[in-house]
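# Report on the structure
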Amino acid sequence: MKTHHRILLTGAAGGLGSALRSRLVANCDVLRLSDKSGCGDVGPGEEMVLADLADAAAVDAAVAGCDAIVHLGGISVEAPFEAILQANILGVYHLYEAARKHGVKRVVFASSNHVVGFYKQGETITADHPPRPDSFYGVSKAFGEDFSRFYFDRHGIETACVRIGSSFPEPRDRRMLATWLSFDDLHRLIGACLSTPVLGHSIVFGMSDNAVTWWDNSRARHIGYVPQDSSDVFRDAVFARTPTPDLNDPVAVYQGGGFVVADPNKKG
């Protein structure tokens, strides 16, 4: 379903960007790919603009002429704060300022489950629970959620903050049985965010229809997202190849998994 003329996809060279671009061309006449490095060959219905998110002028040029933005760009793992600051915090400011200047009124912002990573795996939370970030990365995504809310209240830019769980071809471990989001469901979710008549400022958990879940997505029903995939079909295989977790290990206690113990300054 085409919902917009030109959609900007930032982070198009990344893992999720690469998986999404072939699907997202169905949602627009022109899909503008943006990353700080090249995104490979440009296909039918695509165009490319190089932009480092820390460069305000480059981001402004990438946003010009677009009527919606899917913002996957930035650092997607834990990293030293200085790097997170440039890509994930300053980059969000540049993106929303460019959206304001060019009249873009709808953004899908790739937030993260790591905004709430210090809730325990035995809890079920909603979008109304206060953030409990587990990392510099999680803090940066919490900032993006608050910043996008400010730009909705002040400038009327609608945003869906999609707290992406674990989006891979299949779950890699037991934690991902709760957090897994298939690539097709990722596209269904983003498509719903782009097409729903009234988006407002919404926080959505990005997950497939998994039997085990820590997140109540009921507050996002107005978006119309209906997942069609599930981690359940991988459950036996995941249990067979992974050890029983140590329930005293923070990685097994908290929803953020390994991010709660990651050292952002560790080399290698």
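Look up: the structure comes first, before these words.
Just so we're clear, the structure is a prediction, and the values are computed from it rather than from any experiment.

Rules used in this analysis
- Residues numbered from 1 in each chain as written.
- Predicted model: local features only at pLDDT ≥ 70, side-chain atom pairs only at ≥ 80, totals over all residues.
- Heavy atoms only, no water.
- Axes fitted to C-alpha atoms, helices over the stretch in contact; angles between N-to-C directions.
- Helix = DSSP H or I, 4+ residues; strand = E, 2+ residues; numbered from the N terminus.
- Parallel < 35°, antiparallel > 145°, perpendicular 65-115°, else oblique.
- Left-handed = near helix turned anticlockwise from the far one by under 90°.
- Contact = heavy atoms within 4.5 Å.
- Nonpolar A, V, L, I, M, F, W, Y, C, P; charged D, E, K, R; others polar.
- Pairing = 2+ DSSP bridges.
- Buried < 20%, exposed > 50% of the residue type's maximum accessible area, 1.4 Å probe, protein only.
- Arc of directions from axis to C-beta.
- Polar contact = N/O pair within 3.5 Å; in protein donor to acceptor, adjacent residues only side chain to side chain.
- Salt bridge = Lys/Arg side-chain N within 4 Å of Asp/Glu carboxyl O.

## Structural notes on the packing of helix H1 (residues 15–24) against helix H6 (residues 183–195)
In contact at an axis separation of 10 Å, H1 and H6 are set at 60° when each is read in the N-to-C sense. In terms of axis orientation, H1 runs oblique to H6. Crossing hand, H1 versus H6: right-handed. From H1, Leu16, Ala19, Leu20, Arg23 and Leu24 reach across to H6, where they touch Phe183, Asp184, Leu186, His187, Ile190 and Leu194. Of the residues contributing to the contact of H1 with H6, the split by class is eight nonpolar, one polar and two charged.

## Here's the deal with the sheet that holds strand E2 (residues 28–35)
What the seven strands build is an open sheet, ordered E3-E2-E1-E4-E5-E6-E7; its pairing is parallel. Edge positions in the sheet fall to strand E3 (46–50) and strand E7 (201–206), since each has one partner strand and no second. Ignoring strand direction, the axes of neighbouring strands in this sheet form an average angle of 20°. The strands touched by H1 within the sheet are strand E1 (4–10), E2, E3, strand E4 (68–71) and strand E6 (158–164), with E1 carrying the most contacts at an inclination of about 170°. Lying over the sheet, H6 contacts E1, E4, strand E5 (106–112), E6 and E7, oriented at roughly 145° with respect to E5.

## Re helix H2 (residues 56–63)
Burial in H2 covers these residues: Ala58, Val59, Ala62 and Val63. Taken down its axis, H2 places every buried residue within 135° of arc, on the same side. In this structure, the buried side of H2 is in contact with E1, E2, E3, E4 and helix H3 (81–102). At the N-terminal boundary of H2, the capping side chain belongs to Asp55, with an oxygen 3.1 Å from the backbone nitrogen of Ala57. At the exit of H2 stands Gly65, carrying a positive phi of roughly 90°.

## Remarks on the pattern of salt bridges
Enumeration over the complete set of coordinates arrives at eleven salt bridges. Here Asp29 ties to Lys2 by a salt bridge, and the two come within 3.3 Å at their closest N and O atoms. Taken together, the residues Asp29 in strand E2 and Lys2 in the segment before E1 connect sequence positions 27 residues apart. Residue class for Asp29 comes out partly exposed when judged on its relative accessible area of 40%. One salt bridge in this structure joins Glu47 and Arg32, with 2.7 Å as the shortest N-O distance. Pair noted here: Glu47 is in strand E3 and Arg32 is in strand E2, with a separation of 15 residues, a long-range link. For Arg32, a relative accessible area of 10% translates into the label buried. Each of the salt bridges in this network shares a partner with another, and the network as a whole consists of Arg6, Arg32 and Glu47.

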